[in-house]
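Breakdown of the fold
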Amino acid sequence: MTILISLLRNIETFEHIRAALSAAREYERELSVKPADAGSRGGSAAAIVL
């Protein structure tokens, strides 16, 4: 039974890591996309919604 609980905890930890990596990739994607109006102001912007 202890082994099963340990495995379940590890699965939960891996899921959190996977979710964090996915969020980091999405954040990088947001930073690399230039807004349509960036040329008019000469800058770039990124929005993050949590």
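Residues numbered from 1 in each chain as written. Predicted model: local features only at pLDDT ≥ 70, side-chain atom pairs only at ≥ 80, totals over all residues. Heavy atoms only, no water.

1. Notes on the overall build of the chain
- Of regular secondary structure, the chain possesses two helices and zero strands.
- By residue count, 2% of the 50 residues in the chain fall in the buried class.
- Accessible area of the chain: about 4800 Å², with a carbon and sulfur share of 62%. (Helix = DSSP H or I, 4+ residues; strand = E, 2+ residues; numbered from the N terminus. Buried < 20%, exposed > 50% of the residue type's maximum accessible area, 1.4 Å probe, protein only. Areas by Shrake-Rupley, 256 points an atom, 1.4 Å probe, with all protein chains shown as cover.)

2. A short note on the pattern of salt bridges
- As enumerated under the stated definition, the model contains two salt bridges in all.
- Among the ionic pairs, Glu 15 bridges to Arg 18, the shortest N-O distance being 2.8 Å. You can see Glu 15 and its partner Arg 18 sitting in helix 1 (residues 2-32), three residues apart, about one turn around the helix.
- When its relative accessible area of 40% is taken as the criterion, Glu 15 is described as partly exposed.
- For Glu 26, the salt bridge is made with Arg 29, and the minimal N-O distance between the two is 2.5 Å. Highlighted residues: Glu 26 and Arg 29, both in helix 1, separated by three residues, approximately one helical turn.
- Given the relative accessible area of 37%, Glu 26 is considered partly exposed.
- By relative accessible area, Arg 29 is classed as partly exposed at 46%. (Salt bridge = Lys/Arg side-chain N within 4 Å of Asp/Glu carboxyl O.)

3. Focus: a nonpolar patch on the surface
- A cluster of nonpolar side chains, namely Met 1, Leu 4, Ile 5, Leu 8 and Ile 11, defines an oily patch on the protein surface of about 550 Å² accessible area.
- Mapping Leu 4 onto the fold places it in helix 1. (Patch = residues over 30% accessible without salt bridge, like charges linked within 9 Å, V, L, I, M, F, W, Y side chains within 5 Å.)

By themselves, these figures tell us nothing about what the structure is for.
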